[in-house]
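Topology and contacts: notes
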Amino acid sequence: MNVTVQSIKFNADQKLIEFIQRKTSKLNQFLDSIIGGECYLRLENVDDEANKVSEIKISIPGNQLFAKGQAKSFEEATDIAVESIRRQINKHKTKTKTLVSNHKEILSTEEEEL
């Protein structure tokens, strides 16, 4: 999966970009049909130490998944966002399986009526 990493108002080093690529590529284990993704890194102007924000947007057929993580480091924020995306993928798969199984039930009921 190809993930574009954009750092807003600062330059991200190569280690951070590779970390994000590695973490997001693991999402392919949960869903094969991921088209691509984008990751936005930015610093928020807050007094709190947890001012690093990582926003991840993943494109799948017919839908987009979005998650935001905020923590003391970009690595932690990325972990939070990737975990949220993973849960969304599982929810999407469950919903899709339910729709497919309901569709099969409707078809089999219509065939019995004929």
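These remarks concern the structure in this document. (Residues numbered from 1 in each chain as written. Predicted model: local features only at pLDDT ≥ 70, side-chain atom pairs only at ≥ 80, totals over all residues. Heavy atoms only, no water.)

1. Points about the pairing of strand S3 (residues 52-60)
In terms of strand pairing, strand S2 (residues 36-43) meets S3 through 8 bridges, oriented antiparallel. Among the inter-strand pairings, Tyr40 is bridged to a residue of S3, identified as Glu55. In this sheet, strand S4 (residues 63-71) lies alongside S3 in antiparallel orientation, the contact comprising 9 bridges. Across the sheet, the residue bridging to Ile56 is Ala67, located in S4. In this antiparallel pair of consecutive strands, S3 and S4, the connection spans 2 residues, and Gly62 shows a positive phi of 80°. (Pairing = 2+ DSSP bridges. Helix = DSSP H or I, 4+ residues; strand = E, 2+ residues; numbered from the N terminus.)

2. Quick look at the sheet that holds S4
With respect to topology, 4 strands assemble into an open sheet ordered S1-S2-S3-S4, the strand pairing being mixed. What marks the edges here is a single partner per strand, and that holds for strand S1 (3-7) and S4. Geometrically, the sheet is characterised by an average inter-axis angle of 15° between neighbouring strands, direction not taken into account. The strands touched by helix H1 (residues 14-25) are S1, S2 and S3; relative to S1, the strand with the most contacts, the crossing angle is about 145°. (Axes fitted to C-alpha atoms, helices over the stretch in contact; angles between N-to-C directions. Contact = heavy atoms within 4.5 Å.)

3. Remarks on the packing of aromatic side chains
The final tally for this structure, using the stated rule, is 1 aromatic pair. For the pair Phe10 and Phe74, a centre-to-centre distance of 5.2 Å together with 15° between the ring planes defines the contact as stacked. Placement of Phe10 in the loop between S1 and H1 and of Phe74 in helix H2 (residues 74-113) is noted, with a sequence separation of 64 residues between them. Residue Phe10 shares its accessibility class with Phe74, and that shared class is buried. Here the basic side chain of Arg86 rests over the ring of Phe30, its NZ or CZ set 5.6 Å away from the ring centre. (Phe/Tyr/Trp six-rings, centres within 6.5 Å; stacked < 30°, edge-to-face > 60°. Buried < 20%, exposed > 50% of the residue type's maximum accessible area, 1.4 Å probe, protein only. Lys NZ or Arg CZ within 6 Å of the ring centre and 35° of its normal.)

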